[in-house]
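An overview of the molecular structure
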Amino acid sequence: MSDAPVRSIDLLVAGASGVATCAPAGADLGRPARRGELSELGFVSGGAVAIDRGRVVDVGPAGDLAARYAPRERLDARGGVVVPGFVDAHTHPVFRFGREDDFERRARGETYAQIAAAGGGILSSVRGVREASDEELELRVRARLDRFLDLGTTVVEAKSGYGLSVRDELRSLRVIARAKGSHDVRVVPTLLAAHALPPEWRERRGEFLEAIEQELLPAVAAEKLAQFHDVFVDQGFFTIEEGRRLLRAGERFGLRPKIHADELGCTRATALAMELGCVSADHLDHVAPEDVERLASSETVAVLLPGVSHFLRVPGDAPARAMVAAGAAVALATDYNPGTCPTQSMFEVMHLAVQRMGLTAAQALVAATRNAAFALGLGGETGVIAPGRRADLVVCDVPDPRDLVYSFGRPPVAFVVCGGMVVRRSDRRADGVPALV
Ligand code: NIG
Ligand code: FE
């Protein structure tokens, strides 16, 4: 028996079937998983997690940890699996209402582009934001952040993008800042001013871009309202040249670039993302084959959003398997927004990534956690369950990590731990029944 002193800690998560750490032994956790490493869950069968002062201090067999640590609180995982908290690296949560009309019109055969051209789409959400009070928007965003946590998402990127004026983009980012300041979920704000050209600027496109460059970017930087800067570079939205100019201007204000790339058509925006050293290129449904190859030697993370093609009822998805085989750093996110993907559930997204894109359940989980953290520049901080990392994890009500993806439609969340605090406890667990599929 070891005579090492027992260390007191804040929390021990034990009683699990195992811990999917997403941190396989020997892996360089300072980098995203690529190729074969995307399939490695670093599963510790019968494992437990020791947590103190918001950080993971140890992961290992439950018996070993029980002997080494004296926890102030114990969480009984009752035969479930423990996984890293999900990192949702692409969302648009600042909007007023859903777009059920667009949904119905698509069901009757209209396309996203036709609906947008007829005044629906993004511009209808812009009208909503402009008409809503700050208080209403904040309440709505806060409720949405609550739901992210309910679903096991412990870090969420939040874009503006339905204001589309200097005033309303700033309002949107301030709403995010206020909601963020009073919420347990970690929020990473992104300015998305070039999301669509609003009607009042239709004849003055150049002036719209100038207003972003000369008024909005300095104001966002002065108030420290965003960490990232995104542009919708796509057919019918903004061009490669406009994207390059805006994102470079943003960098001069300390905003790291991201791009909505190759979603509706192949404009080679993914190549622009690599040229600019973007932290991520997102969507990539129509990415050029040569850009898939180039992603392998690039630090830009490919953030794939299979909920969008599902929701828009279009057949094409990003070539996820080819990307993994080539060596790209592939991540998954919801794209939560009222027009193209109203789900907030990373469980749903992992399911769709398997069913539509052909990823395995293990690849989907690593893409939704470890790799997604790199898409927000948080790869050294969260996304895996490993000593020193922020204690962000989810205890799931299923015995096998594959069941996270297999039993779709019922998010199996039992407990959520965010920064070492137990922020969600499901009352489904009150009956003492061990985890079942
Ligand atoms: O990520 N692609 C651009 N923006 C959103 C759609 C927003 C909307 O339709 O409201 C997206 O799919
Ligand atoms: Fe998006």
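This part is about the sheet that holds strand S10 (residues 186-194). Judged by pairing direction, the sheet is parallel, and its 8 strands sit side by side in the order S8-S9-S10-S11-S12-S13-S14-S15 without closing on themselves. At either margin of the open sheet sits one strand with a lone partner, and together these are strand S8 (86-88) and strand S15 (330-332). The average angle at which neighbouring strand axes cross in this sheet is 25°, direction not considered. As paired elements, S8 and strand S9 (residues 153-159) share 3 bridges and run parallel to each other. Across the sheet, residue Val87 finds its bridge partner in S9, namely Val155. Of the strands in this sheet, S8, S9 and S10 are in contact with helix H5 (residues 134-150), which crosses S9 at around 145°.

Note: interface size is frequently given as the accessible area lost on complex formation between the parts. For the chain, the assigned domains read domain 1 (7-83 + 384-424) and domain 2 (86-374). Its C-alpha centre places domain 1 at a distance of 29 Å from the equivalent point of domain 2. Summing both partners gives a buried area of about 3000 Å² for domain 1 against domain 2, and 64% of it is carried by carbon and sulfur. Interface area lost by domain 1 to domain 2 is led by Arg34, Leu38 and Val405, which between them contribute 23%.

On to the side chain of Glu242, then. You can see Glu242 is positioned in helix H8 (residues 240-252). Engagement of the side chain of Glu242 in a polar contact is seen with the backbone nitrogen of Thr239, the distance being 2.9 Å. Glu242 has contacts with Arg205, Leu209 and Phe237, leaving out every residue within four places of it along the chain.

We now examine the pairing of strand S13 (residues 280-283). Pairing of strand S12 (residues 256-261) with S13 involves 4 bridges; the strand directions are parallel. Counterpart to Lys258 in the pairing with S13 is Ser280. Read as a crossover between parallel neighbours, the route from S12 over helix H9 (residues 269-276) to S13 is right-handed. Across 3 bridges, the pairing between S13 and strand S14 (residues 301-304) is parallel.

Parameters and conventions
- Residues numbered from 1 in each chain as written.
- Chains lettered and ligands numbered in written order.
- Predicted model: local features only at pLDDT ≥ 70, side-chain atom pairs only at ≥ 80, totals over all residues.
- Heavy atoms only, no water.
- Pairing = 2+ DSSP bridges.
- Helix = DSSP H or I, 4+ residues; strand = E, 2+ residues; numbered from the N terminus.
- Axes fitted to C-alpha atoms, helices over the stretch in contact; angles between N-to-C directions.
- Contact = heavy atoms within 4.5 Å.
- Domains from an automatic or database assignment.
- Buried area = accessible area lost by both parts, 1.4 Å probe.
- Polar contact = N/O pair within 3.5 Å; in protein donor to acceptor, adjacent residues only side chain to side chain.
- Right-handed = clockwise from strand over helix to strand, strands pointing away.

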